[in-house]
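# Survey of secondary and tertiary structure
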Amino acid sequence: MGLFPFFSFSLFTICIIFSSLQNSILGCSDLIKQSCKNATNDDPNSTYDFCIKILGENPKSNKAKTIEELALATIDLTICNATKVVSTISKVMRLKVLKTSYGNACLKDCLSIYSDAISALREAKRAIRIKDFKKASVEISSAVDAPSTCEDGFNEAQGEVCPISKENNLFFQHTVVSLAFNNMDEKSEVFSYNFCRASLQNVPITDAITNLQGLALVAMELALDNASSTILTIKNILEDNNNNIIVATTKNDLDPFLEIRLKDCLDLYSDAVTTLVEAIEAFMNQNYETARVWLSAVMEASSTCEEGFKERSSGEEGDDVAESPLVKENYGLFQLSDIALCIATLLTFS
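Residues numbered from 1 in each chain as written. Predicted model: local features only at pLDDT ≥ 70, side-chain atom pairs only at ≥ 80, totals over all residues. Heavy atoms only, no water.

### A look at the overall build of the protein
Per the secondary structure count, the protein includes 14 helices and zero strands. Looking at the 350 residues of the protein, the share that counts as buried comes to 47%. For the protein, contacts bridging at least 24 residues in sequence account for 72% of all contacts bridging at least 6. Of the roughly 18,200 Å² of accessible surface on the protein, 53% is carried by carbon and sulfur atoms. (Helix = DSSP H or I, 4+ residues; strand = E, 2+ residues; numbered from the N terminus. Buried < 20%, exposed > 50% of the residue type's maximum accessible area, 1.4 Å probe, protein only. Contact = heavy atoms within 4.5 Å. Areas by Shrake-Rupley, 256 points an atom, 1.4 Å probe, with all protein chains shown as cover.)

Structure below.
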């Protein structure tokens, strides 16, 4: 018997449910842990334990239901920490702890640096609220540099020791967590109601589905079909050197950069097929938590594939950004997996 056995869900209803619940679903108790895990995986300067500590002790963080709310909470914590550093610097200056004019001059510079960092972080908050994550990243990055800039001033003179090294290190950890959360927010995809409806209404059996489990399985089957079709598409592109969407270095050769990226995507999609099969099996056994893990991995695969086309290393020839020939496929796999993930999350905590 389904989760809601007495109700039949129309596509309109089900897509509205998930477009509105996507953010609230993230408000579950594991949001901080999962977000800290993702943030620290992406940034080697950020530590999971520190992330958990500062967010776990903050009331605003515990009430957060979205990555954006957590990003804003981390910036508030970072501003608070910077304010404490400013207070510490003022106290050191007032007590005349440093005996050299050079050291005191450096300390004044640090005071100015941290004041600027606070202003930058406030600008970052405003940018996040209007979804301008690139501007927020620039502002937070400038704050990240504050501790090292402060420290470097003392290191330039022999015998000078920075009296706020501990504070600099702590502030640096705060800023990298804030930056990591902003970057996660920037990369996050928005659940598309239109995509949900358009995809599912083309499946004849959808109208006969009477519970959430059935709809999730349809979404996963569509995702599996998408991944399998994309594998064939990639293989065809690699075999067809004269395909119009490929930038060629010679008439008959693929751009080496694109060839490498396509092969990377081929590996990612091959793994995604296996992962989706495992997700479906876990879901059918009502192991929704495991299904969520696998579905998240599939979503990450589509994002990784797409991101790979955006940057070349400095040693590679060609334009800095290559046009991805798999935009539609990556978007489709991400969204279909997201539909199933939303349902699995809802069932996990129901």
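Right, picking up where we left off after that structure.
### Structural notes on helix 8 (residues 146-155)
Regarding helix 8, the residues found buried are Ala146, Pro147, Cys150, Glu151, Gly153 and Phe154. For helix 8, the arc enclosing every buried residue in end-on projection is 150°, short of the 170-degree limit, so these residues lie on one face. (Arc of directions from axis to C-beta.)

### As for the state of the cysteines
The tally for this structure, following the rule as stated, stands at three disulfides. Disulfide pairing places Cys36 opposite Cys51 at an S-S distance of 2.0 Å. Here the disulfide of Cys36 and Cys51 is left-handed, its torsion about the S-S bond being about -75°. Of the two residues, Cys36 sits in helix 2 (residues 31-42) while Cys51 sits in helix 3 (residues 48-56), which places them 15 residues apart along the sequence. Between the sulfur atoms of Cys110 and its disulfide mate Cys150 the distance is 2.0 Å. Looking along the S-S bond of the Cys110-Cys150 disulfide, the torsion reads about 95°, which is the right-handed sense. (Disulfide = S-S within 2.5 Å.)

### Remarks on the pattern of salt bridges
Oppositely charged side chains may form a pair once their charged atoms are brought near each other. For the structure shown, the criterion picks out six salt bridges. Put simply, Arg126 and Glu123 hold a salt bridge, and the shortest N to O gap is 2.5 Å. Of the two residues, Arg126 and Glu123 both sit in helix 6 (residues 101-129), three residues apart, roughly one turn of that helix. Glu289 is paired through a salt bridge with Arg292; the nearest N and O atoms lie 2.8 Å apart. (Salt bridge = Lys/Arg side-chain N within 4 Å of Asp/Glu carboxyl O.)

### Remarks on unusual backbone geometry
Even without a glycine there, the phi angle at Lys96 is positive, about 55°. Secondary-structure assignment places Lys96 in the loop between helix 5 (67-94) and helix 6. Phi is positive for Gln286, close to 60°, though the residue is something other than glycine. Within the secondary structure layout, Gln286 lies in the loop between helix 12 (256-284) and helix 13 (288-308). A relative accessible area of 59% means that Gln286 is categorised as exposed.

### Brief notes about the environment of Val218
Positionally, Val218 belongs in helix 11 (residues 212-239). Each C-alpha atom, one on Val218 and one on Ile280, is 9.9 Å from the other, the two residues being 62 residues apart in sequence.

### Quick notes on the environment of Ala39
With respect to the secondary-structure elements, Ala39 resides in helix 2. For the pair Ala39 and Met184, spaced 145 residues apart in the sequence, the C-alpha separation amounts to 7.0 Å. With sequence-adjacent residues up to four places away left out, Ala39 is seen in contact with Ala180, Phe181 and Met184.

### Focus on the nonpolar core
Leu55, Tyr114, Ile164, Phe171 and Phe181 are the most contacted members of the largest nonpolar core, which totals 50 residues. For this core, the elements supplying multiple residues, two or more each, are helix 2, helix 3, helix 5, helix 6, helix 7 (133-144), helix 8 and helix 9 (165-187). Among the elements that line this core, the one with the most residues is helix 5, at twelve residues. Those residues in contact with Phe181 that lie beyond four places of it in its chain are Ser35, Cys36, Ala39, Cys51, Leu55, Ile67, Leu70, Ala71 and Thr74. Within the second largest apolar cluster, 41 residues are counted, among which are Leu276, Ile280, Ala291 and Phe334. (Core = buried A, V, L, I, M, F, W, Y, C linked by side-chain atoms within 4.5 Å.)

### Focus: the packing of helix 6 against helix 8
Each pair of packed helices can be summarised by the angle the axes make with each other and by the distance between the axes. Direction vectors running N to C along helix 6 and helix 8 enclose 170°, while the axes themselves pass 9 Å from each other. Between helix 6 and helix 8, the angle falls in the class roughly antiparallel. Contacts between helix 6 and helix 8 involve Tyr102, Gly103, Cys106, Leu107, Cys110, Ile113, Tyr114 and Ala117 from the first element and Ala146, Pro147, Thr149, Cys150, Gly153 and Phe154 from the second. Looking at the contact of helix 6 with helix 8 residue by residue, the class counts come to eleven nonpolar, three polar and no charged. (Axes fitted to C-alpha atoms, helices over the stretch in contact; angles between N-to-C directions. Parallel < 35°, antiparallel > 145°, perpendicular 65-115°, else oblique. Nonpolar A, V, L, I, M, F, W, Y, C, P; charged D, E, K, R; others polar.)

### Considerations on the packing of aromatic side chains
Going through the model one piece at a time under the given rule, you end up with two aromatic pairs. Taking 5.0 Å as the distance between ring centres and 65° as the angle between the ring planes, the aromatic pair formed by Phe283 and Tyr288 counts as edge-to-face. Given the relative accessible area of 12%, Tyr288 is considered buried. (Phe/Tyr/Trp six-rings, centres within 6.5 Å; stacked < 30°, edge-to-face > 60°.)

### A closer look at the environment of Thr83
If you trace the backbone, Thr83 turns up in helix 5. By relative accessible area, Thr83 is classed as partly exposed at 41%. The spatial distance from the C-alpha of Thr83 to the C-alpha of Tyr114 is 8.0 Å, given a sequence separation of 31 residues.

### Overview of the side chain of Glu329
Within the secondary structure layout, Glu329 lies in helix 14 (residues 327-348). No salt bridge forms around the buried Glu329; measuring N to O, its nearest opposite-charge neighbour Lys328 is 6.8 Å away. Ignoring any residue separated from it by four or fewer positions in sequence, one finds Glu329 in contact with Asn226, Thr230, Thr233 and Tyr269. (Lys, Arg positive; Asp, Glu negative; His and termini not counted.)

As far as function goes, none of this settles anything; it's purely spatial.
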